[in-house]
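# Understanding the architecture of this molecule
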Amino acid sequence: MIQTESLSFSYNSNTVFSFPNIKNNVSEALLITGNSGKGKTTLLHLLGGLLRPKSGSISIQDTTISSLSEKELDHFRGKNIGLVLQQSHFVASLNVLENVVLASWLATGKKATDKAKSLLKQLDLENQMYKLPSNLSVGQQQRVSIARALINEPKLLLADEPTSSLDDENAFKVADLLAKLSKEYKASLIIVTHDQRLKNKFPNQLNLN
Amino acid sequence: MIAKLAWKNLWFKPLNTVLSLVLLTASVAIISLLILLQEQFEKQFSSNIDGVDLVLGAQGSPLQLILSSVYHVDDPTGNIDYKEAEVWMKHPFVETAIPLAFGDNYRGFKIVGTTPDYIKKYAATISQGKVFEKNFEVVIGSEIAKKLNIKIGDKFFGTHGSAEEGHVHEEYAYVVVGIASPTGKVIDNLVLCTIESVWAMHANHGHDHGEEVRSSDENPPHGEEGHVHVDGDEHDHEEHVHDENCNHDHDHEVTENPPHGEEGHIHEDGDEHNHDHEEAKEITAVLIKFKNKMGIISWPRMIAQNTKMQAAMPALEINRLFSLFGIGLQALQYLAYGIMLISGISIFIALYNRLKERKYEFALLRVSGASRIQMLGLVLIESLLLCIVGFIFGTLFGRLALVMISSTTDEQFKMAFNPMTIIWEKEGILFLVTIFVGILAAVIPAVKAYRLNISKTLANA
């Protein structure tokens, strides 16, 4: 579960973003839409603990992440927040499986190799495990980043434009997987997007316009 | 895991890595080779002059006298009269005086006429057989026994001079009666016999082959002197210079211009020299150890003024030699450190450029829970891994080069180097310097990785 209260952020004195309060329960999905420049990505970064709010608070389960120290936040983020981005980035020198395993090691100190394998299998990437990420198609890469975001069974799964660079077939596949897996792993899913294709799929929506 | 990641990253861009590695390896190899060479060279040179305070020999370059009579790496300056030398050898100041007579070699190994004291001086013992007593009995050094597979009782003929190819003395065969224990010094590569053996070999040889052969055979440097002698005018002229110098500073003159003075003398009584030979026996040099160390200071002057011989101080000459090629070694060392600096810059550029490509990777690692310190560590470890691998390769290649150099010097100068020794202090410093270069090269990229703004990086994606 994630809850925010009177959240605001400013890059400089001219642009101040004030965000409506958000509440999203476990296994629920929330779609945040809005035009460019309305602070969609900023809001997502605030929720993911990549940015600190100017005012207001963010609570994930029972933790108020805005009051965590830098180091605690790094740790909390690794363990409790999964992030899927518009463009997938990977450690280029590691193969697909190693990339997913690395995420589990960084968050918990243990290598969840078996879990990574079953997750990749679930995402239909069984034959891609030992390839370098750069050798995969964009759709496949996006599915790898879903696997990486879910490996630590986070309480919050954040997706920033996860489908906008994909064709229809892959976009629906990724959207289905996000919805299905966040339920399965009991994560609260928040998607930030302007992709019209997703609006029919996720009824619970918040418009920043 | 971070180390593994660093290792994988290094080999993800193999060309960058190989360039940095080659430069590092080259610099470490040169420096460690120099360290090993210098250390062992000086040790070998110093250990061989233990117990030799002064060397008495024919006039000429004092360095040449030391090199030929103590280290056996140069031709002798000439011969001296045994009777004349004996006066000094029996002086009350002297503790031991070991005469040396050179003449022949066996397959490149010098045959030296001497006394059993010579074996004692090197703290060698007779490991097999007995010491030489009669004419043509020889004791061989341990290295020769090993290399040529010679056993007690074997016989061989000597070849005249110091070159392997040459006139073979077929009249008398040497008999191996003893093998000396290994010492790691020059004696390991010498064939030792009595002085009388050398005299007998050459006296008879002279008779058999007539005067012409004898004169050149007896006294190898005379051949060279013959040349100088032909252009006699110039020669005389230089003698003048010599006399002038003499008034100013005697020691200096001996170093500066000695062969001319000596040649002049010997050639003037050239005939007498040939006649003399049957009665007046000649030796090449005498190694002297003093009871009274006053002799070390006073004798060189006394001998130069009163005799046709010279006395050279090995310690002094070897120090001169070391300081001479010390400059060369220093220059090489600077060059090697220069290469190391370049390799540091190459590592820096590689890391810095890669950081631009990798900032999303770093942001992603941070998102996945990595701390800032881990990012700093990742960059540092990449650089350090490179440096450690470079150091290991460099140390190995340096030793490989030493093996090759050693086989050449062993062949030419009978001087071998041991590549297996580790000079902890100097090589330790070299290691620290290498690590320092690695840290220095990584500092800026590592700090940049540490301070990376994740949100900004990802938002601009």
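All values reported here derive from a predicted model rather than from experimental measurement. (Residues numbered from 1 in each chain as written. Chains lettered and ligands numbered in written order. Predicted model: local features only at pLDDT ≥ 70, side-chain atom pairs only at ≥ 80, totals over all residues. Heavy atoms only, no water.)

### Quick look at helix α3 (residues 62-71) of chain B
Residue and element names in this part refer to chain B. Buried residues dominate α3, accounting for nine of its ten residues. Along α3, the residues that are buried comprise Pro62, Leu63, Leu65, Ile66, Leu67, Ser68, Ser69, Val70 and Tyr71. By the N-cap criterion, in which a side-chain oxygen at the helix start approaches the backbone nitrogen of a residue two or three places on, α3 is capped by Ser61, the distance to Leu63 being 3.2 Å. Count one or two residues on from α3 and you reach His72, which has phi positive near 60°. (Buried < 20%, exposed > 50% of the residue type's maximum accessible area, 1.4 Å probe, protein only. Helix = DSSP H or I, 4+ residues; strand = E, 2+ residues; numbered from the N terminus. Polar contact = N/O pair within 3.5 Å; in protein donor to acceptor, adjacent residues only side chain to side chain.)

### Re the interface of chain B and chain A
Contacts between the two partners involve 24 residues from chain B, matched on the other side by 26 residues from chain A. Linking chain B to chain A there are five salt bridges. At the boundary of chain B with chain A, the tally comes to seven residue pairs in polar contact (both at pLDDT 80 or more). Going through the elements one at a time, α1 (2-12), α14 (314-367), α15 (372-413) and α17 (454-459) of chain B are the ones with two or more residues in the side of chain B that touches chain A. Looking at side-chain class alone, the side of chain B that touches chain A contains 13 nonpolar, six polar and five charged residues. (Contact = heavy atoms within 4.5 Å. Salt bridge = Lys/Arg side-chain N within 4 Å of Asp/Glu carboxyl O. Nonpolar A, V, L, I, M, F, W, Y, C, P; charged D, E, K, R; others polar.)

### Let's talk about the side chain of Arg77(A)
Mapping Arg77(A) onto the fold places it in helix α2 (residues 70-80). What makes Arg77(A) buried here is its relative accessible area of 2%. Excluding residues that lie within four positions of it along the chain, Arg77(A) makes contacts with Gly48(A), Gly49(A), Leu50(A), Arg366(B), Val367(B) and Ile454(B).

### Quick word on the sheet that holds strand β9 (residues 188-192) of chain A
Residue and element names in this part refer to chain A. Strand order in this open sheet of five strands is β7-β8-β9-β4-β10, and the pairing throughout is parallel. The sheet is open, and its two edges are formed by β7 (81-84) and β10 (205-207), each paired on a single side. Each adjacent strand pair in this sheet contributes to an overall mean axis angle of 15°, direction not counted. Sheet analysis places strand β8 (residues 156-160) next to β9, joined by five bridges and oriented parallel. Directly across from Ala159, in β9, lies its bridge partner Ile191. With respect to the sheet, helix α1 (residues 40-47) is in contact with β4 (29-33), β7, β8 and β9, its orientation differing from that of β8 by roughly 155°. Running at roughly 170° to β7, helix α5 (residues 138-150) makes contact with β7 and β8 of the sheet. (Pairing = 2+ DSSP bridges. Axes fitted to C-alpha atoms, helices over the stretch in contact; angles between N-to-C directions.)

### Some thoughts on the packing of helix α2 (residues 14-48) of chain B against α3(B)
Residue and element names in this part refer to chain B. Where α2 contacts α3, the axes come no closer than 10 Å and their chain directions differ by 80°. Overall, the two elements α2 and α3 adopt an arrangement that is roughly perpendicular. Residue-level inspection shows Gln44, Phe45 and Asn48 of α2 in contact with α3, the latter providing Leu67, Val70 and Tyr71. Residue classes in the contact of α2 with α3 are distributed as four nonpolar, two polar and no charged. (Parallel < 35°, antiparallel > 145°, perpendicular 65-115°, else oblique.)

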